[in-house]
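Structural features, examined
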Amino acid sequence: MSLIAETAVSGTAYSFDMLFSYAVPERLAARIACGCRVLVPFGRGNKRRIGVVMKLSGGDAAGLKSLVSLVDEEPVISDELLKLALYMRENTFCTYFDAVKTMLPPAMSVSAKETFRLVKNFTDTESLTPAAAALLQELSVTEGNREGNREGNRELNELIEKHIIENGRRLPDELCDAGALDSDNVFRQAVGDAAVRMLRLSDRYINDPSDFRLTPKQRQVADFLSETGAAAVREAAYMCGVTESVIKRLCANGAAEEYEAELLRRVEDLSDERVSPADIVLSAEQQRARDAVYEQLVSGRPAVFLLHGVTGSGKTSVFEKLIYDTVEMGRQAMLLIPEIGLTPQILKRFRSLFGERVAVIHSGLSLGQRLDEYKRIKRGDADIVIGTRSAVFAPLSNIGLIIIDEEGERSYKSDSSPRYYAHDIAKQRCGYHGSALLLASATPSIESYYLAERGAYRLLEMKERYRNAPLPEVSMIDMNIEREAGNRTEFSRRLAEEISLNLKNGEQSILLLNRRGYHTIISCCDCYQPVYCPKCSVPLTYHKKNNKLMCHYCGYVSDPVESCPQCGSKHLKNMGFGTQKLEEELSAFFPTARVLRMDADTTFSRYSYEKSFTDFRDGKYDIMIGTQMIGKGLDFPNVTLVGVMSVDKALYAGDFRSYERTFSLITQVVGRGGRGGSRGRAVLQTFIPEHYIMNLAAAQDYKGFYNEEIAIRRAMIFPPVCDMCIFCFSADEEITARLGAEAVIGLMNGRLKELQPATPVRVLGPVRCSYGRINGRYRYRIIMKCKNNAGMRSFISGILTQSAKLKEMKDVALYADMNGDVGV
């Protein structure tokens, strides 16, 4: 009986993805394990690809290809995460390898380089086929022309690589099997481990220093190493006042030896003080929430809690106490946050409480930093993980608690394969470890609150701000009245007065405008068409800072146009305003004000969030303006005024979640004010003051909003009363995308008869997406309202697999997204 490895192979498409079976050679049988990466031959040409061993079993290996090489000496993926990959493959309709790949830091991705060399004195040419013998003769001539020369080896490998590309691997593999050709595989990791050159005394010198005749400078280095034990080469040279050549001669004498020590690329520790978690004092409401979760932690049974607390109620203190409780039990904790911008503030606080036990994972770190934080977690050096969505895959081995802060944020849903939802992954991990999942927000998602009402989650509520601080006083300003009164600026008179008052009192203000750039639309006065991105059906935005027109979807950049691309007219009008124009107008209205702008154009650097927010907290700016990144989770005690400039358009974004997002954004940003000793004020500017969403957000009435929203979703049959799968099509030509979508709807209609009436399904479309073209690709979609169960997932998987065989789908890309967004 042979050992067989069921392997997830890279580079497969979903339509033919599966676990591929490979025979394990005897030379690898003792070392291979599930979770190791391997090099495999794939396809008719036996191209080398990286794979991950998902399962090992015994059986008949006759007819199976053999593994080529083992990449890892020990598993890079645990058994738990391998099971999670199987779950992700079934639920997110990705390939097995994509599921595994997303769990590892990008720096751990590997590539294989194969090198060949001829075996000298090979004589068994009669065993070769004529074609193989001819290739061997050609290779021998190439190497013979430059025998013993590195150039000859290079030409030999180039010739073999060219042959493999043009003809496949059959003949080179035959030569290798016959012993005429040797091959080696060298694996290169995307980012290597960081190391520092270290110096220590040799065992010979330690045992008998009298055997060595050292110069005075060498003796000085030896004495230094005797005291310190070991030191970096540069440090030893600096401390002893010698050059590195002295150290090299010391090593050449055998008195010392160099070695490499791992150097972790650490995330900067911003905390300048240490606080004991035991000293955290909770209010009565906070204590009740903590006690409910703590009781579950002690029981060791998995459960999901939804903590609904108003802005400023002190949810973070509850997190800190529960994480302290968890690590005191000898277990591990994870805190997920929605925005990279929140990381510095949270990390500083938790490092002050827990020190080096805290690791951080997010895409703003360098590849090396993410790799080293991953290693710290896997070794057990860190038992608390803080990070954004991808941190949910952190290699913790004994999870006791997972917290998802601002759980209603859609940033927890991945918009690229695998299209997972962090909540679902967290539930799976909590189920495996028997741990508690705590979802928390002032504005929970409708789905989470619905499940809490039905008893699937346990609802915990905190209705008062910490220390009974009042909620901000909200004033709603009708901008129609402002326009009638002759006010053409973007500032209502009330907002201008409040900003002036804050500047006079030395208090800070936050202004939200969820549109970056200067002008949001350049429109033609003759044909009334905006200037569109040539690759997208999206108007270009003018950015004054670099004097460019930019597309915020595909990144296209052009110089400002002087004539309409549609009709050639010279009469163009700049319309709309973004954060750049707001910054300019603020400086004109309030010349002495120090203004900080926070949007995607000012936060390129991984340190820009940290520096800007720290400067604002330290009082170096009076007013912060920005997009939604400033709306949630931030705590600035001196902010007493919040202005919401314009969010009306967000209500009509074409997504059934647009009301929810708008309510959440307004409620959250209003909650940034009044967190110090003074009561906060908020000014909400709108052209639709009668809209119930505006009024409920101004009142910060989440329960009232939920009752309205869930009634609409029940009537329209939208999540959470059903699940919704979106089939997304894209192609270079619109007709190609449309015909592909129509062919798939025909396939679906035929197979849906097998499901109904036992499984009710509603199918809508195909229709163009809200933005019909993005980055040169035309886009269509089919929306299917259904029940997310095993039968439905099998149906969707079958559609994705069978659609690849349709001739109309030849040039069409298709993916399925369960409970994804429909607004783009």
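Everything quoted here is computed from the prediction, not taken from an experiment. The numbers attached to residues start from 1 for each chain and follow its sequence in the written order. Given that the model is predicted, a residue must reach a pLDDT of at least 70 before its local features are reported, and side-chain atom pairs must reach 80 or more before they are shown or counted; all residues, however, enter totals for whole chains, interfaces and linings. Side-chain metrics in this entry use all non-hydrogen atoms of the structure; hydrogen atoms and water are not considered.

1. Examining the nonpolar core
Within this scheme, the nonpolar core is defined by two criteria: the residues are buried Ala, Val, Leu, Ile, Met, Phe, Trp, Tyr or Cys, and they are joined through side-chain atoms within 4.5 Å. Relative accessibility thresholds used throughout: buried, under 20% of the residue-type maximum; exposed, over 50%; partly exposed, between the two (1.4 Å probe, protein chains only). Ile323, Met334, Leu335, Leu401, Ile510, Met624 and Ile630 are the most contacted members of the largest nonpolar core, which totals 128 residues. The contact criterion used is simple: two residues touch if any of their non-hydrogen atoms lie within 4.5 Å. Residues in contact with Leu401, not counting those within four places in the same chain, are Val293, Leu297, Leu322, Ile323, Thr326, Gln332, Ala333, Met334, Ser435 and Ala436. By size, the runner-up hydrophobic cluster in this structure holds 28 residues, among which are Ile745, Leu747, Ile799 and Leu800.

2. A short note on the side chain of Ser352
Of note, Ser352 is situated in helix α13 (residues 343-354). Counted as a polar contact is a pair of N or O atoms within 3.5 Å, where, for protein atoms, one must be capable of donating a hydrogen and the other of accepting one, and residues adjacent in sequence contribute only when both atoms are in side chains. Within the structure, Ser352 has its side chain in polar contact with the backbone oxygen of Arg349 (distance 2.5 Å). In this description a helix means any DSSP run of H or I spanning at least four residues, a strand means any run of E spanning at least two, and both kinds are numbered starting from the N terminus.

3. Notes on the pattern of salt bridges
Note on definitions: salt bridges are taken to be side-chain nitrogens of Lys or Arg within 4 Å of carboxyl oxygens of Asp or Glu. Summed over all chains, the structure comprises 43 salt bridges. Arg376 is the salt-bridge partner of Glu373, the closest N and O atoms lying 3.1 Å from each other. Linking Glu373 with Arg376, this pair stays in helix α14 (residues 367-379), spanning three residues, or about one helical turn. As far as burial versus exposure is concerned, Glu373 and Arg376 are alike and both buried. The closest approach of N and O atoms between Arg494 and Glu498, which form a salt bridge, is 3.0 Å. Residue Arg494 and its partner Glu498 are both found in helix α18 (residues 493-505); the two are separated by four residues, about one turn of the helix. Overall, the relative accessible area of 31% leaves Arg494 in the partly exposed class.

4. Quick notes on the packing of helix α11 (residues 284-299) against helix α12 (residues 315-328)
Their axes nearest at 10 Å, the elements α11 and α12 cross at an angle of 30 degrees. When the axis of α11 is compared with that of α12, the two are roughly parallel. Here α11 runs over α12; the crossing is right-handed. Packed against α11, whose contacting residues are Gln286, Ala289, Arg290, Val293, Tyr294 and Leu297, the element α12 presents Ser317, Val318, Lys321, Leu322, Asp325 and Thr326 at the interface. All axes here are fitted lines through C-alpha atoms, helices being fitted over the stretch that makes contact, and every angle between N-to-C directions spans 0 to 180 degrees. Working rule for angles: under 35 degrees goes down as roughly parallel, over 145 as roughly antiparallel, 65 to 115 as roughly perpendicular, anything else as oblique. Should the near helix be turned anticlockwise from the far one by less than a right angle, the crossing is left-handed, and should it be turned clockwise, the crossing is right-handed.

5. Section: the sheet that holds strand β11 (residues 303-309)
Any two strands with at least two DSSP bridges between them are considered paired. Taken in spatial order, the seven strands line up as β13-β14-β12-β15-β16-β11-β17 in an open sheet, and their pairing is parallel. The open sheet terminates on both sides in strands that have one partner only, identified here as β13 (358-361) and β17 (458-462). Taking each pair of neighbouring strands and ignoring which way they run, the sheet shows an average axis angle of 20 degrees. In the sheet, β13 pairs with strand β14 (residues 384-387) via four bridges, with the strands oriented parallel. Looking at the pairing, Val358 lines up with Ile384 of β14. Seen against the sheet, helix α15 (residues 422-433) touches β11, β12 (332-336), β15 (399-405) and β16 (436-441) and runs at an angle of roughly 165 degrees to β15.

6. Describing the sheet that holds strand β32 (residues 813-818)
Spatially, four strands are ordered β30-β31-β29-β32 in an open sheet, and the strand pairing comes out antiparallel. Strands with a single pairing partner mark the edges of an open sheet, and in this sheet they are β30 (762-774) and β32. Put simply, the sheet's adjacent strands are angled 20 degrees from each other on average, direction ignored. Judged from the seven bridges that link them, β30 and strand β31 (residues 777-786) form a sheet pairing that is antiparallel. For Val763, the partnering residue across the bridge sits in β31 and is Met784. Sheet strands touched by helix α25 (residues 790-803): β29 (723-731), β31 and β32. Its angle to β32, the strand with the most contacts, is close to 170 degrees.

7. Looking at the packing of aromatic side chains
Here the aromatic set is Phe, Tyr and Trp, taking the six-membered ring for Trp, and pairing holds for ring centres within 6.5 Å; pairs whose planes are under 30 degrees apart are stacked, those over 60 apart are edge-to-face, and all others are tilted. All chains considered together, the criterion is met by 18 aromatic pairs. When the ring of Phe656 is compared with that of Phe718, the centres are 4.7 Å apart and the planes differ by 5 degrees; the resulting orientation is stacked. With Phe656 in the loop between β27 (639-646) and α21 (658-670) and Phe718 in the loop between α23 (702-716) and β29, the pair connects residues that are 62 residues apart, well separated along the chain. For the pair Phe656 and Phe718, one class covers both residues: buried. With a centroid separation of 5.9 Å and an interplanar angle of 80 degrees, the aromatic rings of Tyr659 and Tyr692 are classed as edge-to-face. Of this pair, Tyr659 sits in helix α21 while Tyr692 sits in helix α22 (residues 692-699), and the two are 33 residues apart along the sequence. Overall, Tyr659 belongs to the partly exposed group, its relative accessible area being 21%. Exposure remark for Tyr692: the relative accessible area of 24% places this residue in the partly exposed category. A network of ring pairs unites the aromatic residues Tyr449, Phe663, Tyr702, Phe705 and Tyr706 as a single cluster. Only Lys NZ and Arg CZ are tested; either one counts as a charge over a ring when it is within 6 Å of the ring centre and within 35 degrees of the ring normal. Above the ring of Tyr815, the side-chain terminus of Arg419 is found at 3.4 Å from the ring centroid.

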